[in-house]
Each structure stands twice: as structure tokens, then as C-alpha cells.
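Take a look at the letters that make up each chain.
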Amino acid sequence: MSTIAEIKREELFIAPERVVSHTEAPTTGNAHSSLRRNRAAVGLVFFLHGLCFASWASRIPTIQANLHLTSSALGAVLFALPAGFFVSLPFAGWLVGRLGSKRVVIVAAVLYSLALVCVGASSTVPALVCCLFCFGFFANLLNISINTQAVVVERLYQQKLMATFHGLWSLAGFTGAAMGTWMMAHAVPPAHHYILICVIFLLVIGTCAFYLVSQDDVTGEKLPLFALPDRALISLGLIAFCSMIAEGAMFDWSGIYFSHVVRVDAAYTGLGYTTFMIAMASMRFVADRLSARFGLKRILQVSGLLTTVGLLIAVLFPSLLPSLAGFFLIGMGVSSVVPLVFSAAGKSKTLSPGVAIAAVSSLGFMGMLIGPPIIGFIAEATSLRMSFLALLVLSVSVVVLSSVRARSASDTE
């Protein structure tokens, strides 16, 4: 009798995803309701993350004007954000492994939203640089921890959900940009704007905190601060690296491409970026179902092909409609790569989800960081069209790497 009681007590402390792994699926109504709350909480945090970041980005012109920054000075200041992001990479996975993703999500979310307020309140360049560094640091800490939560929720649901979560992040980008436009039109100071976002963020995260998954698979294990990824994770990281270079090029150079190569009127220079973002956000809401039906390998191959075809169309036919079609295909191509690669990394058999995602994110982020400057160097030496053509090497590499990469843990489940 006592033995049975002890077994039941032990089962109560098993991480819920481990329980699900021994059963086909939760069958009770309460279990289904709990899963829905887990999924909703993680989705809301993804949305809040995107809203916070887009709110910062939408007010960059105002902050530049307030601090009287030249374009070159602004570029130097903005480097503080990716610097903070990059510095946090080795610590994020370790903290998630040590403390659990739920605790890291809550702490990082609070500090991330408060850092946004500090950015808006910065009245000097040194203060802005320090605040942006912290903003980038906590942004990535939240990024790694909430992606780890997403991996756990995928296991609980026993279906792919990562791309949909990233779609919510993209959707929040549109919301944050619209709010920023309204705030600028009504001359609302960035500090006041960011306080509003912070209050919304803290209220929602205070509710979500009760419904995040409490335990990860390896919470409490003794994990090294720096862990070497295995061959499968390196392959996934290289795929993310290649895709994120192309993604970063679209973020930073799409407007310039439409202005200098497509030669549209000034009012239409943002069409390429808008088209790219619409395609990327839309595809993320269907990528999970496509991946579940056709498999990760095939979706990554198709993603690389779509990016390649889109780049060729935009470069070979530099007029308005073909370029828009090309940018739309590029958006479709890069949309699924990062979320699906993160999902696969989180199912690694050799590292905890947080450490594995951080390892893959490190390689991917380096692509985002060095991609735009490389495009600039190539454009300076040749032309902007040639620099976009050079991106074909990377999009084709996604196809090749996806075809020959070692089978990931997600493929074996």
C-alpha cells in the first residue's frame, strides 16, 4: 500500500512532458484545458516580445532627432543592441538549464520591458548605449527561454507549433509599428510610449506566469556554461546562419534596393519590405502544418528554393511588380527556417533545449549580424544588384545543407 502511494507521489513531480511521452495524449478535459492555457501563455509572450521590439524600432527616428545624432553616429549607437544580444548568448542556455525556462522567461520579460523604458528615457548618448546593450541582452535571454517553453509545449501537444509562435512575433511587429506611427503622429514622447508598452507587458506577463510550463526536461541537471554542439546542431546552426543573412539583408537593404535599383518614387520605397514581412508572417502560420505533413527536411529544401527563385526574379527583373513578386517569395522562403530549426534543436538528444537553442541561435545570429555589412561591402565594390545576387550562394546552401545534414532528433521522434 505504501509502495503504491510513493509511486503516485513521485508521478506528481515528473515533468508533464515526460508523462505525456509515456502516453498517447492527455485524455481528461482538465488536461486539455491546461494544455490550451500553456499554449496561450507562450503565444502571448511571443507577441509581447515582438511588440516590445517593434515599439523600440518604430521610434528610432524620434530618438535620433531628440539626441541630434548623425546617420553614422546612429549606426554606432545601434551596434550596442546586437552587442548585448551576442554577449547574452552563452549565458542564456546555461541559465535556462540551471533555473528552468519558466523562471528565466519571467525575470527576462520584466527586465526587458523595463530596459525599453530606460531606452526611451535616455537623454544622453552614453546612457542610450548602455540601455540598448541591456535591452539587447534581456531580449535574447527572453528569446532563448521562451523558445525553450515553445519546445516543451510542442511536446505536450505532440505536434509542431514553433512557426505559429514566431508568426505571433511577426504579427506583433505590425502592431508595434502601427502604434509607433500613431504615437509619432501625435508627438507622444518615446518615454511615455514605452511606459505604456511596459505596463501592458507587465500586466500580461503577470497573468501568463501562472500558465507557463513549470518544468523542462532537464531542469536541475549539472550543465556546462559552454557546451560544444554535436554535428546535427552545427548543421542546423549553419542552415540558420545562411537563412538569417538573407533575412537581415531584407530588413536593412530592401528600402535602398527599391530606391536605387528598382527606382520607385520615395513614397513606395517601403513596399518591398512590407511585401516581404507580409509573406514571412503569413507563412509562419501554416509552416507547422506543412512541416508535419511533408517533414522538416523537405520544408527546409523548399524554403531555400523559394528564396533562390525570389532573389533571381528581383535581380534579373528590377522593376516594381517583378521585384515585389521576388520579395514575396523571399519572405516565404526565410519565414519557416528559423522557427523550424529552433524546434529541431530543442529536441536534441545531447544537450538541454535551452543550451541547444542557444547554440543554434549563436550561429544564426552571426549571420544576421554580419550579413548587412557584407552586402554593403559587395555593393560598394560592384553594385547593389550584384550583392543581392551573391545571396544566392546562401539560399542554395540552405537547400544543400538541408539535403545532406545529419538527421536531427525531431526526425527520429
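Presented here is a report on the structure given in the accompanying data block. Per chain, the residues get numbers from 1 upward, laid out in the order the sequence is written. Only residues with pLDDT of at least 70 are given local features in this predicted model, and only at 80 or more are side-chain atom pairs given and counted; all residues enter the totals for whole chains, interfaces and linings. Computation of side-chain values covers all heavy atoms of the structure but excludes hydrogens and water.

## Considering the overall build of the protein
(1) Moving on: By the criteria applied, helices consist of DSSP H or I runs no shorter than four residues and strands consist of E runs no shorter than two, each listed in order from the N terminus. Scanning the protein for helices and strands turns up 19 helices and zero strands.
(2) Moving on: Long-range contacts, defined as pairs at least 24 residues apart, comprise 85% of the intrachain contacts of the protein with a sequence gap of at least 6.
(3) Moving on: A 1.4 Å probe and the Shrake-Rupley method give the accessible areas. Residues count as covered only by the protein chains that appear here. Summed over all atoms, the accessible surface of the protein reaches about 18,300 Å², with 69% contributed by carbon and sulfur. A contact between two residues is defined here by any heavy atoms of the two lying within 4.5 Å.

## Structural notes on the side chain of S58
(1) Moving on: Locating S58 in the fold gives a position in helix α3 (residues 29-58).
(2) Moving on: Burial classes follow relative accessibility: with a 1.4 Å probe on protein chains only, a residue under 20% of its type's maximum area counts as buried, one over 50% as exposed, and anything between as partly exposed. Among the residues examined, S58 registers a relative accessible area of 12% and is labelled buried.
(3) Moving on: Whenever two N or O atoms come within 3.5 Å, that pair is a polar contact, provided that in protein one can donate a hydrogen and the other can accept it, and provided that, for residues adjacent in sequence, both atoms are side-chain atoms. Polar contacts involving the side chain of S58 include one to the main-chain carbonyl oxygen of S55, which spans 2.9 Å.
(4) Moving on: If sequence neighbours within four positions are ignored, S58 has contacts with G176, A177, G180, M184 and H193.

## A short note on empty space enclosed by the protein
(1) Moving on: Cavities and pockets were defined on a 1 Å grid built over protein atoms only: a cavity is a set of grid points that admits a 1.4 Å probe from which the probe cannot escape, a pocket is an open set flanked by protein on both sides within 12 Å along at least five of seven lines, and lining residues are those with an atom within 4 Å of any such point. Grid points are joined across faces, edges and corners, and a volume is the space filled by probe spheres set on the points. All told, the structure shown has two cavities of 30 Å³ or more when counted by the stated rule.
(2) Moving on: Within this model, the largest cavity holds a volume of roughly 50 Å³.
(3) Moving on: Taken together, the elements giving at least two residues each to the lining of the largest cavity come down to α11 (231-260), α14 (296-316), α15 (320-335) and α18 (384-404).
(4) Moving on: For the lining of the largest cavity, the per-class residue count stands at five nonpolar, six polar and no charged. Classification convention: Asp, Glu, Lys, Arg as charged; Ala, Val, Leu, Ile, Met, Phe, Trp, Tyr, Cys, Pro as nonpolar; all other residues, Gly among them, as polar.

## Describing the packing of helix α9 (residues 162-185) against helix α16 (residues 337-345)
(1) Moving on: Each axis is a line fitted through C-alpha atoms, and for a helix only the stretch in contact is used; angles between axes span 0 to 180 degrees, taken between their N-to-C directions. α16 packs onto α9 with a crossing angle of 135 degrees between their chain directions and a minimal axis gap of 8 Å. Between α9 and α16, the angle falls in the class oblique. Handedness of the α9/α16 crossing: right-handed. Where α9 abuts α16, its residues M162, A163 and H166 lie against V338, P339, L340, F342 and S343.
(2) Moving on: A per-class count over the contact of α9 with α16 returns six nonpolar, two polar and no charged. Note on terminology: angles under 35 degrees are roughly parallel, angles over 145 are roughly antiparallel, angles of 65 to 115 are roughly perpendicular, and the others are oblique. Crossings are sorted by hand: turned counterclockwise from the far helix by less than a right angle, the near helix makes the crossing left-handed, and turned clockwise it makes it right-handed.

## Quick look at the side chain of S101
(1) Moving on: Following the sequence through the fold, S101 ends up in helix α7 (residues 101-121).
(2) Moving on: Overall, the relative accessible area of 0% leaves S101 in the buried class.
(3) Moving on: Side chain to side chain, S101 and Q149 meet in a polar contact 2.8 Å long.
(4) Moving on: What S101 contacts, discounting residues up to four positions off in sequence, is V96, S145, T148, Q149 and D216.

## A closer look at a nonpolar patch on the surface
(1) Moving on: Patch criteria: residues need more than 30% relative accessible area and no salt bridge. Like-charged residues are merged within 9 Å; nonpolar side chains of Val, Leu, Ile, Met, Phe, Trp and Tyr are merged within 5 Å. Here, a salt bridge means any Lys or Arg side-chain nitrogen found within 4 Å of an Asp or Glu carboxyl oxygen. Judged by side-chain polarity, V107, L111, L114 and L202 come together as a nonpolar surface patch covering roughly 290 Å² of accessible area.
(2) Moving on: Here the nonpolar patch gets three residues from one element, more than from any other, and that element is α7.
(3) Moving on: Mapped onto the fold, V107 is located in helix α7.
(4) Moving on: Among the residues examined, V107 registers a relative accessible area of 48% and is labelled partly exposed.

## As for α11
(1) Moving on: Take the residue count of a helix, subtract one, and multiply by 1.5 Å to get its expected span. Between its terminal C-alpha atoms α11 stretches 42 Å, which fits the 44 Å expected from 30 residues at 1.5 Å a residue.
(2) Moving on: Two axes enter the bend calculation: one fitted to the seven residues ending at the residue in question, the other to the seven starting there, and the bend is the angle between them. A bend of about 60 degrees at W253 is the largest found in α11.

## Re the pattern of salt bridges
(1) Moving on: If you walk through the whole model with that rule in mind, you get one salt bridge.
(2) Moving on: Between E154 and K347 there is a salt bridge whose closest N-O contact spans 2.7 Å. With a gap of 193 residues between them, E154 in helix α8 (residues 125-157) and K347 in the loop between α16 and α17 (353-381) connect regions that are remote in the sequence. This pair shows no difference in class: E154 is buried, exactly as K347 is.

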